[in-house]
Each structure stands twice: as structure tokens, then as C-alpha cells.
Amino acid sequence: HTHTRSRPKYNYLSTFCTKDGSCNGLQHYAALGHDFLGAEQVNLTPRESPADLYTTVAKMVDKRRAAQAADGKEEAKILEGKIHRKVVKQTVMTVVYGVTWVGGRQQIARQLKGTIPDEHVFACSNYIVGLVFDSLAEAFKNAREIQNWLSDSARQISRAGKPVQWTTPLGLPVVQPYHVNTEKQVQTMLQSIVRKTPEMTNPPNVREQKMAMPPNFVHSLDSTHMMLTALHCQRHGITFVAVHDCFWTHACTVDVMNKLCREQFVALHDSPVLENLAEEFEEKFGHLSYKEYSAKRSLTGRTGMVQCAFKGTLPGRGDFDVKQVLESIYFFS
């Protein structure tokens, strides 16, 4: 922004003011599960100062590391004084969007590079990613249960031969486009190349359907929240710009946008989002059967040819009242 001391306040020229969600994916998971502990960690509850999930997870990881260092674990001893907010931030940020163990290890390895001897980076990053996942599972137990339910539902549907599909709270139909590749061998003068292309007429790719379901579903919720906020900002005649969970408006209308942003999040999660999803799955896929190869890979514990079922394994809810978001200063800040 630009201004001069001689100009009166009303001539101050400002750029857009931005408001960011606080670990927005986990905010949606905490609201879905009405998880009070998780809600506190991502600023869904009113607080005098903002919660910093990345610092909290770093402290949880280091506490586990210290205990294991006392037991003689080599990686834990090497990492003394090396685990801080920046080391875990990217993995914490992306775990809700489906980052894998390998992806998380690579993220952490980049942060460790130069802080410990190179020969220990692989083992130590592999060690830390496990602690990060365990710490998040402890802090967001309900979120992990919801992720597992979404993954298992996708696995059932795709094993029954259908791509996963659902309707967002805005009424937008979503279909996951992950199918088994068709392989075609192309012979050139120099070499033979196998070209793989996904075909919508091929069976669903079970692994990809399952892995993509939790992040895609959460993305469908955060996009719903963004669109609802945009629509209500338009009705109030104020400028609104957004990229994912970063909302912008002019300085003079920030208070209005803040109010609308919170109201629409509450409106979204005051509705039975997961229950509606389970109901839609039952209607579309409940009549289908699939082959269950191992009881260990199913929340139902069934084997053989089994019928798709979704309502019975739906995770329970906690006691968090999502209306507390209306009073949370740091929800989007």
C-alpha cells in the first residue's frame, strides 16, 4: 500500500486484505466429527490467542522422540534439538489431503537436509514421519476415523465395479475418474514403448479410488464453503476473491466477509453432512456386492461376497458445538 503522512485517513490506498483458514482441511474434519479437542487445535473455538497446530505437533513429536532416545533409539538421539515447527509443517498441512508415508518422508527430509549428517537423513526422516502421523492420530482421533470410513466406503464401491460418486451440499455431482489403464504397445525404430491411458469404460482402479476419496471429499467441502461465502458476499454487494482457503476483500468490508465466512461454515456443518453422504451411498450402491479378500482390510470384518454397507460403520460424533465458530476470532485470520 502507499500513503503519505500528510494525507487524511480517508485517502489511504489499501490493497486487498486476506484471511486464511487455520489448517482448513482439519477444520472441516473437526467440524464433521464434532471433535472438541481437534476443534481447539485449529481455532474453531474462541480463544484469546491463536492455536498453532504445527507447533503443537512438533512438541508432541519431540516428546515421543525424547522418550525413545532415553530407551537408546539411535535416530531419536541424533534428532535431539532438531525437531521444530518448520520440520513438521508441510506434512501436517498435507496429511489431510492424502500425503503418503513416502511423500511425508520426502517433505521432512528436505527440512532436515543440512541440519544432520547426510547419511542419517533418510532414516531420521522416515522415523519422524511415523511420529507425525501418530501424533495427528492422537490429536484428531475423530478425523482419522472419518478418513478410514471414507476410504473403506470407496474401496467397497470400486470393488463392486463402480467409480465413487457423491453430491456436494451445493448440489454439484462429483465422480472420481480413476480407472484401470489400457496398455498399448507402440513399436518405434529405436524401442518399444508401452503407453498407458485410463479409459472410463474400464473397471475402477480400487487403490486410486480409495486413496483419493478422503482428500477429494474434503476439497468438495472447502469449495462448498468458499462458494457459499462468495454468493453471500455478492448478495451484500462486496468484493470477494478467493484461492482455496484464502479469502480476500477490501479493508472496509473485512468485517462483513468475516461474519459471512463464519456463518456459512456453521450452516454447512450444522447439516448432517456425513449422514447425507452415507444415505446417498446406500441409495446408489447399497444393492451391490463385492469380493472381500481379507477381513483385516475391511471395517466390517466380513469375508467372501458381501453387500456394500455404509450407515452401520459411520463414525460417531463428539460434543463440539459448531456454532462456537461464530465467536472465533482466529478461525479465518
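Nothing here was measured: the structure is a model prediction, and the numbers come from that model.

S.K.: Talk me through the overall build of the protein; I want residue IDs and the actual numbers.
M.R.: Summing up its helical and strand segments, the protein has 11 helices and nine strands in all. Residue burial in the protein is summarised as follows: out of 333 residues, 43% are buried. Of the contacts formed within the protein by residues at least 6 apart in sequence, a portion of 69% connects residues at least 24 apart. Total accessible area on the protein is roughly 17,500 Å²; 53% of this is exposed by carbon and sulfur atoms. On the protein, the mean spot of the 39 positive side-chain charges and the mean spot of the 33 negative ones are 5 Å from each other.

S.K.: For the packing of aromatic side chains, give the residues involved together with the corresponding values.
M.R.: Applying the stated rule across the entire model yields 11 aromatic pairs. Through pairs of rings, three or more aromatic residues link up here, namely Phe-240, Phe-247, Phe-265, Phe-331 and Phe-332.

S.K.: Would you mind going over the packing of helix α3 (residues 53–70) against helix α5 (residues 85–95) in detail, with residue names and values included?
M.R.: Between two packed helices, what matters for the description is the angle formed by their axes and the separation of those axes. Two elements in contact, α3 and α5, have axes separated by 8 Å at closest approach and are oriented at 110°. Between α3 and α5, the interaxial angle falls into the category roughly perpendicular. As for how α3 packs across α5, the hand of that crossing is right-handed. In contact with Leu-53, Tyr-54, Thr-55, Val-57 and Ala-58 of α3, α5 contributes Arg-85, Val-88, Lys-89, Val-92 and Met-93. Considered class by class, the residues forming the contact of α3 with α5 number seven nonpolar, one polar and two charged.

S.K.: An account of the environment of Thr-188 is requested, with residue identities and associated values reported.
M.R.: Of note, Thr-188 is situated in the loop between β4 (181–187) and β5 (192–198). The spatial distance from the C-alpha of Thr-188 to the C-alpha of Ser-328 is 63 Å, given a sequence separation of 140 residues. A polar contact is formed between the side chain of Thr-188 and the backbone oxygen of Gln-191, at a distance of 2.7 Å.

S.K.: So what's going on with the state of the cysteines? Which residues, and what values?
M.R.: By definition, a disulfide links the sulfur atoms of two cysteines through a covalent bond. Per the counting criterion, the structure on display carries zero disulfides. Note on Cys-261: no disulfide assigned, nearest cysteine sulfur contributed by Cys-233 at a separation of 8.5 Å. Judged by relative accessible area, Cys-261 falls into the buried class, the value being 2%.

S.K.: Can you tell me about a nonpolar patch on the surface, naming the residues and giving the values?
M.R.: A surface patch of nonpolar side chains, about 230 Å² in accessible area, is lined by Leu-170, Met-227 and Leu-231. Leu-170 gets classed as partly exposed once you look at its relative accessible area, which sits at 41%.

S.K.: Requested: an account of helix α8 (residues 141–159), with residues and values cited.
M.R.: Owing to its 3.6 residues per turn, the α-helix brings residues three or four apart onto one side. Between its first and last C-alpha, α8 extends 27 Å over 19 residues, near the 27 Å set by a 1.5 Å rise per residue. With respect to burial, α8 is a largely interior element, 15 of its 19 residues being buried. Directly after α8, the chain includes Gly-161, whose backbone phi takes a positive value near 95°.

S.K.: So, unusual backbone geometry: which residues are in play, and what are the values?
M.R.: Residues other than glycine seldom take positive phi values, yet His-34 does so here, at roughly 50°. Looking at the secondary structure, you find His-34 in the loop between α1 (24–32) and α2 (36–41). According to the relative accessible area criterion, His-34 is buried, its value standing at 9%.

S.K.: Tell me about helix α6 (residues 101–112), and name the residues and values.
M.R.: With 12 residues, α6 ought to run about 16 Å at 1.5 Å a step, and its terminal C-alpha atoms sit 16 Å apart, in line with that. The complete set of buried residues in α6 reads Gly-103, Gly-104, Arg-105, Gln-107, Ile-108, Ala-109 and Leu-112. Close packing links the buried residues of α6 with α5 and α7 (121–139). Among the residues trailing α6, Gly-114 stands out with phi positive, at a value near 90°.

Scoring rules and cut-offs
- What you see as residue numbers is a count from 1 along each chain, following the sequence as written.
- The model is predicted, so local features are restricted to residues of pLDDT at least 70 and side-chain atom pairs to those at 80 or more, both for listing and for counting; the totals for chains, interfaces and linings are taken over all residues.
- To get the side-chain values, all heavy atoms of the structure are used, and hydrogens and water are removed first.
- Secondary structure is summarised from DSSP: a helix means a run of H or I of at least four residues, a strand means a run of E of at least two, and numbering begins at the N terminus for each.
- Partly exposed describes any residue whose relative accessible area lies between the buried limit of under 20% and the exposed limit of over 50%, with all areas from a 1.4 Å probe on protein chains only and scaled to the type maximum.
- By definition in these notes, contact holds between two residues if any of their heavy atoms fall within 4.5 Å.
- The accessible surface values rely on the Shrake-Rupley method and a 1.4 Å probe; as for residues, cover is taken only from the protein chains in view.
- Positive residues here are Lys and Arg, negative ones are Asp and Glu, while His and the chain termini are left out of the count.
- By convention, the charge on Lys lies at NZ, on Arg at CZ, on Asp at CG and on Glu at CD.
- Ring pairs shown here join Phe, Tyr and Trp side chains whose ring centres sit within 6.5 Å, with only the six-membered ring taken for Trp; geometry is labelled stacked below 30 degrees between planes, edge-to-face above 60, and tilted in between.
- A fitted line through C-alpha atoms represents every axis, and for helices the fit uses only the stretch in contact; the resulting angles, taken between N-to-C directions, go from 0 to 180 degrees.
- For classification purposes, angles smaller than 35 degrees are called roughly parallel, those larger than 145 roughly antiparallel, those between 65 and 115 roughly perpendicular, and all remaining angles oblique.
- By convention, the crossing between two helices is left-handed when the near helix turns anticlockwise from the far helix through less than a right angle, and right-handed when the turn is clockwise.
- Charged means Asp, Glu, Lys or Arg here, nonpolar means Ala, Val, Leu, Ile, Met, Phe, Trp, Tyr, Cys or Pro, and polar covers whatever is left, Gly included.
- Definition of a polar contact: a pair of N or O atoms within 3.5 Å, with one able to donate and the other able to accept a hydrogen when the atoms are protein atoms, and with sequence-neighbouring residues admitted only if both atoms are side-chain atoms.
- Throughout, disulfides are identified as pairs of cysteine sulfur atoms within 2.5 Å of each other.
- Residues with no salt bridge and a relative accessible area higher than 30% make up the patches, which join like charges within 9 Å and nonpolar side chains (Val, Leu, Ile, Met, Phe, Trp, Tyr) within 5 Å.
- A side-chain nitrogen of Lys or Arg and a carboxyl oxygen of Asp or Glu constitute a salt bridge if their distance falls within 4 Å.
- Helices are assigned an expected span. That span is 1.5 Å times one less than the residue count.

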